[in-house]
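# Analysis of the macromolecular model
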Amino acid sequence: MAVEFDGGVVMGADSRTTTGSYIANRVSDKITELTDKIWICRSGSAADTQAISDYLKYYLAMHSVELNEEPLVRTAAALGQQMCYSNKNAVQAGLIVAGWDRAKGGQVYNIPLGGTLVRQPFSIGGSGSTYIYGYCDAHYKPGMSKEECLTFVHNSLALAMARDGSSGGVIRTVVITKDGIERNMVPGNRLPIFYEGP
Amino acid sequence: MTSIGTGYDLSVQTYSPDGRIFQVEYANKAVENSGTVVALRCKDGVVFGVEKLISSQLLEPGTNRRVGAADYHIGFASAGLLADVRALAGRARQESEAYKQNFQTEIPVRVLAERVANYTQVFTLYGAVRPFGCTMMIGGIDLNGPQLYMVEPSGVVYGYYGIAAGKATAAAKTEIEKLKLSEMTARQAIFEVAKIIYRVHDEVKDKLFELELAWVCQDSGNRFQVVPKDLFDQAEAAAKQALEDDDMQE
């Protein structure tokens, strides 16, 4: 998931990659760097999203050479959308492109399965997201600070990871502002705990 | 004045022994024969002025414009062969639109200018085509503020605060250098441009001419437009008045 705040974005993801019921990687990094200030949350087929991210990284690098400055988040999202839409029958990729640029500050763009592109104040994706739509709608408020966004992300992801068998592991977060990047990881035994039974 | 490039000027693929490509220089001659074009980059925008030489009273005023839009936020003004201007403008428009489709954002002025320059340069490589006989000034407003560039037939492109091309380039540049562009608004610049065009216009050689004024600035909502009629009339009247005042002083 990713959340906008005034001055940047907070991105978070779990770390479970599965082949069927086997957890192939319990510490995966699903938040990938495209440029310094534009990162992407990957969900769906790992192979597809990794390939798309590699293309995006390359296209954005070429683009920024001609531009002679950092690309816009919207541009990254548009390129991701074109790839997902043109190949919609071949790929399974749910992407969230988020970052900071000097034109519009922090932005979050969601690119769900069919290749739609929509900018949202906050965005959730992946199999575990279905379990937290209600929680997120209830607890999101516009104008949150960076710390409030981080708490929101940690709580939402913890709840999803508790209920969805395909989600789990650690919570990785990336905070992007004009001053730089802050990466963080909360291990599985230190997640926020909610109701787990009597 | 012109050196004869005997034998080395037949094709754009041929260098002369002193390192010149004559066909490109001849293309510049075509530009020099055309009406003067002036462009200024000021504090809040870019303004264009064209001395459009008219061949006949039968021509409808306001047609055959040498200024136009490449995109909503970028305009151009051009000196040289009008047909070549059209072709190059068409390319500029395609580049703008393709960029917008690919990157979902307006093309920056510098990027468009460089793409038009790259395109122009290609025509100086092959024997099957001729270089463009036009110089195009490309100006607009983007995230980096107002910017002005000029592309010449050779394919070079530079950024300018003020520039002229066409018949009276030298005289126009002298006038431009007197101006303090960084402190001028587009509205003021329009009057200056009109004055310059009228001043450098040669009454004897080219009797009929029409002034064209266009701008991209805050007053136009950061969009390219031909200057609105009332402002245009004011600027033209002021320019004619300035000419009379000059005459009287002599």
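This write-up is about the structure you can find in this document.

What counts, and at which threshold
Residues numbered from 1 in each chain as written. Chains lettered and ligands numbered in written order. Predicted model: local features only at pLDDT ≥ 70, side-chain atom pairs only at ≥ 80, totals over all residues. Heavy atoms only, no water. Helix = DSSP H or I, 4+ residues; strand = E, 2+ residues; numbered from the N terminus. Buried < 20%, exposed > 50% of the residue type's maximum accessible area, 1.4 Å probe, protein only. Contact = heavy atoms within 4.5 Å. Buried area = accessible area lost by both parts, 1.4 Å probe. Salt bridge = Lys/Arg side-chain N within 4 Å of Asp/Glu carboxyl O. Polar contact = N/O pair within 3.5 Å; in protein donor to acceptor, adjacent residues only side chain to side chain. Nonpolar A, V, L, I, M, F, W, Y, C, P; charged D, E, K, R; others polar. Patch = residues over 30% accessible without salt bridge, like charges linked within 9 Å, V, L, I, M, F, W, Y side chains within 5 Å. Areas by Shrake-Rupley, 256 points an atom, 1.4 Å probe, with all protein chains shown as cover.

Moving on to unusual backbone geometry. Even without a glycine there, the phi angle at N68(A) is positive, about 65°. Structurally, N68(A) is set in the loop between α1 (46-67) and α2 (73-86). Not every positive phi belongs to a glycine, and N222(B) is a case in point at roughly 60°. Structurally, the position occupied by N222(B) is in the loop between β9 (209-217) and β10 (223-226). N222(B) sits in the partly exposed class, given a relative accessible area of 35%.

Attention now moves to the environment of P146(B). All names here are of chain B. Here P146 lies in strand β6 (residues 145-151). For P146, a relative accessible area of 14% puts it in the buried group. Sequence-distant contacts of P146, defined by excluding residues within four places in its chain, comprise R41, C42, K43, D44, G45, V46, G140 and I141.

Contacts between the two partners involve twelve residues from chain B, matched on the other side by 14 residues from chain A. Summed over both sides, the interface between chain B and chain A buries roughly 1100 Å², with carbon and sulfur atoms accounting for 47% of that surface. The three residues of chain B that bury the most area against chain A are F103(B), Q104(B) and L143(B), which together make up 46% of that side's buried surface. For E66(A), the salt bridge goes to R115(B), with nearest N and O atoms at 2.7 Å. Viewed at the interface, chain A and chain B are joined by eight residue pairs in polar contact (both at pLDDT 80 or more). When contributions to the side of chain B that touches chain A are tallied by element, the ones reaching two or more residues are α2 (82-103) and α3 (109-122) of chain B. Here the side of chain B that touches chain A gets four residues from one element, more than from any other, and that element is α2(B). Here the residues of the side of chain B that touches chain A sort into five nonpolar, five polar and two charged.

Looking now at a nonpolar patch on the surface. Side chains of Y55(A), Y58(A), Y59(A) and M62(A) sit close together on the surface and give an oily, nonpolar patch of about 450 Å² of accessible area. With respect to the helices and strands, Y55(A) occurs in helix α1.

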